[in-house]
Structure formats: C-alpha cells, structure tokens
Amino acid sequence: MDIGGAYGGGKAGGAFDPIAFVQRPTVILRAVCWLFAIIVFGCISSEGWREEANGKEYCIINRDGNACNYAVGIGVIAFLAAMGFIAGEYLFEQMSSVKTRKHYVLADLGFSAFWSFLFFIGFCYLTNQWGKADDPPNGEGVNNVQASIVFSFFSIFTWAGCAYFAFLRFKAGVDPSFSSTYESDPSAAQQYAAYPASNENDQFQEAPFSGQQQQQQQQQRDYSQPTY
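Cut-offs applied
Residues numbered from 1 in each chain as written. Predicted model: local features only at pLDDT ≥ 70, side-chain atom pairs only at ≥ 80, totals over all residues. Heavy atoms only, no water. Helix = DSSP H or I, 4+ residues; strand = E, 2+ residues; numbered from the N terminus. Buried < 20%, exposed > 50% of the residue type's maximum accessible area, 1.4 Å probe, protein only. Contact = heavy atoms within 4.5 Å. Areas by Shrake-Rupley, 256 points an atom, 1.4 Å probe, with all protein chains shown as cover. Disulfide = S-S within 2.5 Å. Core = buried A, V, L, I, M, F, W, Y, C linked by side-chain atoms within 4.5 Å. Expected span 1.5 Å × (residues − 1). Phe/Tyr/Trp six-rings, centres within 6.5 Å; stacked < 30°, edge-to-face > 60°. Lys NZ or Arg CZ within 6 Å of the ring centre and 35° of its normal.

Glancing now at the overall build of the protein. Along the backbone of the protein there are seven helices and two strands. For the protein, the N- to C-terminal ordering of α and β elements is α-α-β-β-α-α-α-α-α. Here the protein holds 228 residues, and the buried ones make up 34% of them. When contacts within the protein are restricted to residue pairs at least 6 apart in sequence, those whose partners lie at least 24 apart make up 78%. In the form shown here, the protein has an accessible surface area of approximately 14600 Å², with 58% of it arising from carbon and sulfur atoms.

If you want it as structure tokens, here you go:
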C-alpha cells in the first residue's frame with residue numbers, strides 16, 4: 001500500500017499514470033474476467049440454440065434451456081461488472097472519503113466471491129448436462145459449448161483472484177497519515193481557532209473593585225479599635 005494511503009490506494013488528487021494503471025494486477029485480472037465473460041455468453045448465444053422443424057428453438061445442451069440461459073446470464077452480468085470495476089479502479093484513486101473506499105472494497109469483495117461461486121455452479125451444471133446431451137447434427141456448436149464450459153471453469157479462479165485482492169485491500173485498512181479533504185470540517189477548525197489556548201505564563205489579573213474593598217475593610221477595622 002502506498003504511504004499515506006487507504007485500502008491500497010494513495011492520496012486523492014495525484015496525477016493519473018495510464019501506463020501504471022494498466023499494469024496493476026487488479027486491472028489486468030479484471031480485463032481477463034471481461035474477456036472470459038465474452039467467451040462464455042458469446043459461444044452459447046451464437047451456437048447454443050437450434051431450431052426444430054416446427055420453428056421452435058431448443059438448447060443443444062441436453063435440450064435444457066435453463067443451462068443456456070444460465071451461461072448467458074452469468075456471462076453478461078460478469079461482462080458488465082468487469083467493466084464497472086475497471087472504471088472503479090480508475091476512480092478509486094480519486095476517492096477522498098475513507099468510507100467510500102471501504103464500501104467499494106467490500107462491494108468488490110462480496111461480488112467477486114459470489115460470482116466465483118456462480119461460475120463454479122455454472123461449470124458443474126453445464127458439464128453435467130452436456131455429458132447427457134446427444135451429439136448435435138454435423139457437430140455444430142460442439143466447440144462453442146465446450147469453450148463456454150472451459151472458460152466458465154477459468155472464470156472461477158479469475159473472480160476468486162479479484163476477491164483475494166479485495167480482501168488484501170480491506171485487510172490493509174487505512175494508513176494513519178491518510179487525511180481526507182472531504183471528511184475534515186473546516187468550520188470546526190475555525191471555531192476552535194477562535195478560542196486561543198491559554199498560556200501558562202499569563203498572570204491572573206485582579207478582579208475589579210477588589211482594591212477598594214480591601215481599603216474600606218481596613219478603615220472599618222481602624223475605627224473599631226479603642227483609643228486611649
């Protein structure tokens with residue numbers, strides 16, 4: 001973690017370096033997730049459905065429409081989420097609020113771990129149904145379905161890796177030297193500045209009229225004394 005940073009990011013307001021940005025492990029891994037997601041839903045969308053003589057479409061994965069829809073669904077959402085998190089990586093360095101960074105890291109951790117689990121379910125589901133399916137006519141769509149299954153398996157580890165990086169960020173926490181411009185309260189600082197701290201060398205001033213009161217008391221004692 002950068003010195004003076006929070007949750008794996010440096011202080012906000014720094015200059016953006018595009019080369020350093022694309023070389024970040026989190027950005028590279030997100031790009032790989034994005035690519036795998038395209039393969040998963042693209043292969044099923046293009047060759048996963050066939051049309052019967054009556055015009056009705058069926059999924060070539062054991063005629064289980066849920067299998068094709070599941071692969072397309074998790075793939076499309078993973079595709080959109082990967083792009084969103086890449087944009088979030090760019091905006092992460094601009095987040096001045098520690099709470100905002102924490103919420104982003106927790107969202108990244110939760111979503112990545114959950115989607116890794118969904119790809120695991122998808123891999124098992126597609127493999128099971130594809131093993132029961134009849135060979136399509138002329139072998140059309142076989143390579144596409146197999147590619148979708150293989151990259152569903154790969155996606156388990158890429159999204160798990162994203163969750164691991166998010167966990168490292170959350171574990172790193174906030175550096176003590178990190179200060180947020182938006183979280184500080186300038187009005188409160190001005191309020192406290194309006195009341196200067198007391199100086200130990202300051203002399204206490206005598207209360208007003210205290211000297212006159214002492215003189216009057218002394219005169220009363222003089223008058224009360226008996227004269228010889």
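A few words now on the environment of Gly 73. Among the structural elements, Gly 73 can be located in helix H3 (residues 65-92). For the pair Gly 73 and Phe 41, spaced 32 residues apart in the sequence, the C-alpha separation amounts to 7.4 Å.

Right, let's talk about the state of the cysteines for a bit. For the structure on display, the rule yields one disulfide. What pairs with Cys 59 in a disulfide is Cys 68, and their sulfur atoms sit 1.8 Å apart. Looking along the S-S bond of the Cys 59-Cys 68 disulfide, the torsion reads about 65°, which is the right-handed sense. Relative accessible area serves as the criterion here: at 1%, Cys 59 is assigned to the buried category. With a relative accessible area of 0%, Cys 68 lands in the buried category. Take Cys 33: it sits in no disulfide, and the sulfur closest to it among the cysteines is that of Cys 162, at 3.9 Å. Here Cys 33 falls in the buried class, since its relative accessible area comes to 0%. The class for Cys 162 is buried, based on a relative accessible area of 3%.

Moving on, we get to the nonpolar core. Core analysis: the biggest nonpolar cluster contains 35 residues, and Ile 61, Trp 115, Phe 119, Trp 130, Val 145 and Trp 159 have the highest contact counts within it. Every element with two or more residues in this core is listed here: helix H2 (25-47), strand E2 (57-59), H3, helix H4 (98-132) and helix H5 (142-172). In terms of residue count, the dominant contributor to this core is H3 (10 residues). Residues in contact with Val 145, not counting those within four places in the same chain, are Ile 44, Ile 60, Ile 61 and Trp 130.

With 23 residues, H2 should cover 33 Å at 1.5 Å per step; its first-to-last C-alpha distance of 33 Å lies within 8% of that length. Burial in H2 covers these residues: Thr 26, Val 27, Leu 29, Arg 30, Cys 33, Phe 36, Ala 37, Val 40, Phe 41, Cys 43 and Ile 44. Considering only its buried residues, H2 is in contact with helix H1 (18-22), strand E1 (49-51), H3, H4 and H5.

This next bit is on the packing of aromatic side chains. Tallied over the full model, the rule gives 17 aromatic pairs. Seen from their ring centres, Phe 111 and Trp 115 are 4.8 Å apart, and the 10° between their planes marks the pair as stacked. Taken as a pair, Phe 111 and Trp 115 lie in helix H4 at a separation of four residues, close to a single helical turn. One aromatic cluster in this structure is built from Phe 85, Phe 92, Tyr 104, Phe 111, Phe 114, Trp 115 and Trp 159. Of note, Arg 101 hangs over the ring of Phe 92, and the distance from its end group to the ring centre comes to 5.0 Å.

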